[in-house]
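Here are the chains, one letter per residue:
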Amino acid sequence: MDKEGGGNSSGGRQQSGKVTNISCPVCGESIEGLTKLNNHLDIDHGFDNGSPEVQKRNSKNPKTSKVQQIVKNHWQRPDSYGRAVCQECGSSSKKSNAFINCRKCGLIYCNLHCKNIIKLNTDAQYDPLHGKWYACCYRCFSERPGYNDYGSFVDKTSSFIGLRETKNEDKRLRLLQLENRLVRLVNGIASIHAKCKSSILMSFTMRNEASELERTVTPWRNDRGVLDCSVCFKPFGLTLWKHHCRLCGNIVCNRDETGCSSEISLQHLVNAAKDLPYQQKVSDLAEIDHSIRLCYKCIRSLYGERKFKKDLQKPKPQLLSLCESLESTSKLITDTISHMEKFMIRMDDSKIAEQIPKEEDMTESKKMRTKLLRSVAMYNSLARQVSRITPANPTEAKIKRSVQVASSTFINEKILSLKRVPGMIDDSPRTSSPIREPDKVKSTDLLFNNLTISEVKKYREELMVLKEQKFLVESMIEEAKKQRKFDEVATLSTNLNELSEQIATTQGNLGEQGFT
Amino acid sequence: MDLFTVADFYINRLVNSQARAGSTSLVEQNRIKALILDKDTTSTISMCATQSELLNHEIYLVDTIENDNRDVMRHLRCLVYVKPTEETIQALIRELENPRYGDYHIFFNNTVTKSQLERLAEADSMECVSKVEEIFQDYFILNEDLFSFDLPPENLFTNSLLWDEVGLTDCTKSLTSLLLSLKLKPEIRFDAPSRLCGKLAKEISYEINQNERSLFDFPPMDSPPVLVLLDRKTDPLTPLLQPWTYQSMINEYIGVKRNMVDLSKVPDIDKDLQKVTLSPRQDSFFKDTMYLNFGELGDKIKQYVDNYKDKTNTNSQINSIEDIKNFIEKYPEFRKLSGSVAKHMAIVGELDRQLQMRDVWEVSEVEQNLSVHKDDPEDFRDLVKILESPKIDKYYKLKLACIYALRQGNNNSQLNEIVQILQKQPLFPVDDINLFHKFRRIFGQNQAVDEGQGRYWERDDLLSELTKRFNSKVRNADSGNVFMQHIPKISKLLTDFSKNKVPKEQFKTLEETETSRNANASPPSQDLIVFVVGGVTFEEARFVHEFNETMRGKMRVILGGTSVISTHEYMESIRQTNNSGI
Ligand SMILES: [Zn+2]
Ligand SMILES: [Zn+2]
Ligand SMILES: [Zn+2]
Ligand SMILES: [Zn+2]
Ligand SMILES: [Zn+2]
């Protein structure tokens, strides 16, 4: 492997001693000793790194051969006893031919652990394009940039948004025009309405004037030559009549099945787009009894996005918000558990060292335990709430199933493994244990005070858990008072208050079933 | 170069997707996510991630883009992961015109075209898309070092020399995505006599050059990776032989598609076991046994049962798979205890049943002897005996005849004798006799043409130290195993690559790159992607796996194919081959 040859501490050429077989890093052929390997590399593979032979040949021009020499001053040297130790396996020897310096990092390796090759420049830096091949260790080999890389990806968001902007510009202009026409129609009809409100011929004049207004606001498309509906493309005929959309002027049919156009009352039009600048108050427009025909496309462009945005503002379905709370609680529990585990390891250590546990550690431990107990109870109650929800649609049913799988996995994997935490799991099969898998509600359950039997059961269980916790917190407060830890008493008291509130709510839920 | 690591990386990008900073819309507050896939990405995801991994990332709903009956759930965030085919782009356009969810992050498993992106942008008038990203996994990962495009050979080629246009495009795209996912800008070497490989090499190289600046902008390597394109026709023998390792036997006798094994046709199968998934990823027993041969596999299962026996102090003689099955029936709790072993028990039982029923042991021995010996009269006698035996399936007879023709292509009198024997068999289809002649035409002619290159594969005398060492390691494992004498050509190819001794006449490069010019001076390649046009076998995957184990720390190989084929699929692909151009 030593392609530089003589004169260095570890790779020096052996004049005597046992010659070991080395396999060529290029072709894998087995070769007796480093000298022969050098020759083999030079002759068979055209390596030419200023090996001694080459230097001798070029001896008339020592400068160029010096330039070709790779730096060695970063090489690790054998220790003061002349012993070299392999970085990888720790084997050591005083024989210099048993060891190699990695040409890149310079560390010492045994023959077995310096079998890779790398292209380096004369500064021993990785140079994939202009370097020459040298022996190196596996670490230097595998740390080459790009060697262990993977996972290209291309973010197309900007170009997508750019394209969307240009596409939407036209759409927005058209929408503006439609909105403008709608506002003019509404305003016009409102003033016609105001004018003829008192007239006897009100409905008659209004219809006439309104239809005149409609045609001034929107130029109607000439219906001659138009043979089929511009939405569904069905040909017009005796049974399929032509209608004009009052906003875009296009000619459409009025089939119910396709909904190509519909007559929509002014009140609905205004209500679904309250944000537009009408002259009258939206509430004042309610009394006008007038409808306008709009085509499907106009309805979609005017109201589609408004509906989408409005839906987003609506409160989340209860199932989803419960899912999110479950998630947050599970994160809280996981965090607390890992805190506690670290803490307990520390406590164990101090026990081994026979130190008396510090008081603040004790209270810290209690605090964490309370926190854990409470969040577990919370998790449990949330999980039960999820199982009580009746899904609004098949998708919600799927989500509900997923959540139930997730929560029972969480309970099995995280919480049930908490046996080491004192007070966490009751070994006795009492129902008051805070950890139980959520039951499913059977539809056959009888209704009881608007609650099913199993709901009553659950609330009662919840109540018991809460009461047990309350008792726990109360005793902790007593303890803290005895030890005169008043800020802790304060926090615990807040806990206690919250618990009492929760108990009150649950009792409220249970109604008279709560008194057992 | 572990493909599962790549898959993990991409799945993480997907499930942890965040919209860019600044867009703090209302929907950002929604955390529950839906994952919408198409028929391709559904497999991609299910082969690499488990349900609980998805649940851990608040993905509570998984559905397909093709499903039009999805409910509107405006408070869900939607992660879309699809292959950019015309079909899914259409579906996506419909989705964006009437968005069911509040917010969309769209991921493609390969490059999208400008016009596809334009059409999507036009459809998104509600501006509900907040992220579009290309990731590159347009392929299926079977093992950490094996991938497949699942493109069956029937649709890929116009005839044995010509690509179908769509097939070529699909294959090029998928292979490009593989290179991008591994961040490789390889030198391409292709099976010189193969026109299919030559064409594919040009296409890939064009793809790379087109995107050199944008996509293939990887740091240069001192030893550039190599993409080797191999034609199935170069080694037709390997996919004809009955396989004996666990993974390949499952594919041969039961069938496994995208990690799904359909056991519903197995007699008396348990209800829970009708459809099972098999992944070295999620099933440690399978990971331990997938490369074992049938004998070793039996031992491994016996170990499991013995362990159980020791624990429970039960006494039953267990010497055969039948015994094991009886044991399980007697001790149902073993099933619960052993988890996935019950599944493997059902599979192994079925394999055993089929081997017995079809006399595979007998057939395989003759196959193996024919493929490693040349002109052995005893082999020929065995062959004739099988061909004349009334209990052997006609499929195996036809296959044996083909194997014989491959190995002894010039012995016309014996080949004619074989045809006569086959014709004499009751109910032997004329169609199969024709297939035999077709087989001879395809491979007989090829061999005559490649006489020069053909010799490359026969040069056993050049087997160097390393090949011998490598092969002997493999052979030792099956020492004296008559059923596994044959060594696929890929084995020689890999050893030659590891010594930098693959002749340029046999595996051409497209252009004279610096490395290929100084091939002598440069050390062997460190990273190889070997891609088999026309389908790869699990048996070859085992060789690649063993090669990787031997070369750990020096060389890494990933194997792939247009599909993974069984002997049936290979025979069928020859039957389907268009006669023109042969
Ligand atoms: Zn060599
Ligand atoms: Zn060492
Ligand atoms: Zn190093
Ligand atoms: Zn219509
Ligand atoms: Zn209109």
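Parameters at a glance
- Residues numbered from 1 in each chain as written.
- Chains lettered and ligands numbered in written order.
- Predicted model: local features only at pLDDT ≥ 70, side-chain atom pairs only at ≥ 80, totals over all residues.
- Heavy atoms only, no water.
- Phe/Tyr/Trp six-rings, centres within 6.5 Å; stacked < 30°, edge-to-face > 60°.
- Helix = DSSP H or I, 4+ residues; strand = E, 2+ residues; numbered from the N terminus.
- Buried < 20%, exposed > 50% of the residue type's maximum accessible area, 1.4 Å probe, protein only.
- Lys NZ or Arg CZ within 6 Å of the ring centre and 35° of its normal.
- Donors = N, O, S within 2.8 Å, 3.2 Å for Na, K, Ca; no water.
- Tetrahedral: all angles 85-135°; square planar, octahedral: opposite > 155°, others 65-115°.
- Domains from an automatic or database assignment.
- Contact = heavy atoms within 4.5 Å.
- Buried area = accessible area lost by both parts, 1.4 Å probe.
- Salt bridge = Lys/Arg side-chain N within 4 Å of Asp/Glu carboxyl O.
- Polar contact = N/O pair within 3.5 Å; in protein donor to acceptor, adjacent residues only side chain to side chain.
- Nonpolar A, V, L, I, M, F, W, Y, C, P; charged D, E, K, R; others polar.
- Pairing = 2+ DSSP bridges.
- UniProt positions renumbered as here; feature names shortened; annotations may be inferred.
- Axes fitted to C-alpha atoms, helices over the stretch in contact; angles between N-to-C directions.

Let's talk about the packing of aromatic side chains
Applying the stated rule across the entire model yields 21 aromatic pairs over all chains. Between the aromatic rings of B:Tyr246 and B:Phe286, the centroid separation amounts to 5.8 Å while the plane-to-plane angle is 70°, which identifies the pairing as edge-to-face. Of the two residues, B:Tyr246 sits in helix H8 (residues 246–253) while B:Phe286 sits in helix H9 (residues 284–289), which places them 40 residues apart along the sequence. Assessed through its relative accessible area of 1%, B:Tyr246 is described here as buried. The ring of A:Phe153 is capped by B:Arg13, whose NZ or CZ atom sits 3.5 Å from the centre of that ring.

Considering the coordination of the zinc ion (ligand 5)
Residue and element names in this part refer to chain A. Coordination sphere of the zinc ion (ligand 5), protein contribution only: Cys245 (SG), Cys248 (SG), Cys295 (SG) and Cys298 (SG), at 2.2 to 2.3 Å. Coordination at the zinc ion (ligand 5) is tetrahedral: its four donor atoms span angles of 105 to 113° at the metal. In the primary sequence, the donor residues of the zinc ion (ligand 5) line up as C-x2-C-x46-C-x2-C. You can see cysteine 248 sitting in the loop between strand S10 (243–244) and strand S11 (251–252) and its partner cysteine 295 sitting in strand S13 (residues 291–295), a full 47 residues away along the chain. On the accessibility criterion, cysteine 248 (18% relative accessible area) is buried.

Description of the domain arrangement of chain A
What the domain assignment reports for chain A is domain 1 (20–67), domain 2 (84–142), domain 3 (180–313) and domain 4 (318–513). A C-alpha centroid distance of 83 Å is found between domain 2 of chain A and domain 3 of chain A.

Some words on the interface of chain A and chain B
Counting residues at the interface gives 71 residues for chain A, matched by 74 residues for chain B. A buried area of about 6500 Å², summed over both sides, lies between chain A and chain B, and 57% of it is on carbon and sulfur atoms. Considering only the side of chain A, the residues that lose the most area to chain B are A:Tyr150, A:Phe160 and A:Phe308, jointly responsible for 11% of the buried surface there. At the surface where chain A touches chain B, the tally comes to eight salt bridges. Taking the shortest distance from any N to any O, the salt bridge between B:Arg74 and A:Asp311 comes out at 2.6 Å. In this assembly, chain A and chain B are joined by 28 residue pairs in polar contact (both at pLDDT 80 or more). If you list the elements that add at least two residues to the side of chain A that touches chain B, you get helix H1 (33–45), strand S7 (116–120), helix H4 (138–142), strand S9 (153–155), helix H5 (157–196), helix H8 (296–313), helix H9 (318–352) and helix H11 (394–415) of chain A. Take the side of chain A that touches chain B: its biggest share by element is 11 residues, from H5(A). By residue class, the composition of the side of chain A that touches chain B is 30 nonpolar, 17 polar and 24 charged. Across three bridges, S9(A) lies against strand S5 (residues 129–135) of chain B in antiparallel orientation. Looking at S5(B), one finds that A:Asp155 is bridged to B:Glu133.

Focus: the UniProt feature "domain: FYVE-type" (unreviewed entry) in chain A
Those residues carrying the UniProt feature "domain: FYVE-type" (unreviewed entry) are residues 223–303 of chain A in this numbering. Measuring from the first to the last C-alpha atom of residues 223–303 of chain A gives 27 Å, for a span that is 19% helix and 17% strand.

A short note on the sheet that holds strand S7 (residues 146–148) of chain B
Residues and elements named next belong to chain B. One open sheet holds the seven strands; their spatial order is S6-S7-S17-S16-S11-S10-S15, and the pairing between them is mixed. The strands lining the two open edges of the sheet, one partner per strand, are strand S6 (140–143) and strand S15 (507–509). The average undirected angle you get between the axes of adjacent strands in this sheet is 25°. Bridging between strand S10 (residues 187–191) and strand S11 (residues 226–231) involves four bridges; their strand directions are parallel. By the bridge assignment, arginine 189 is partnered in S11 with valine 228.

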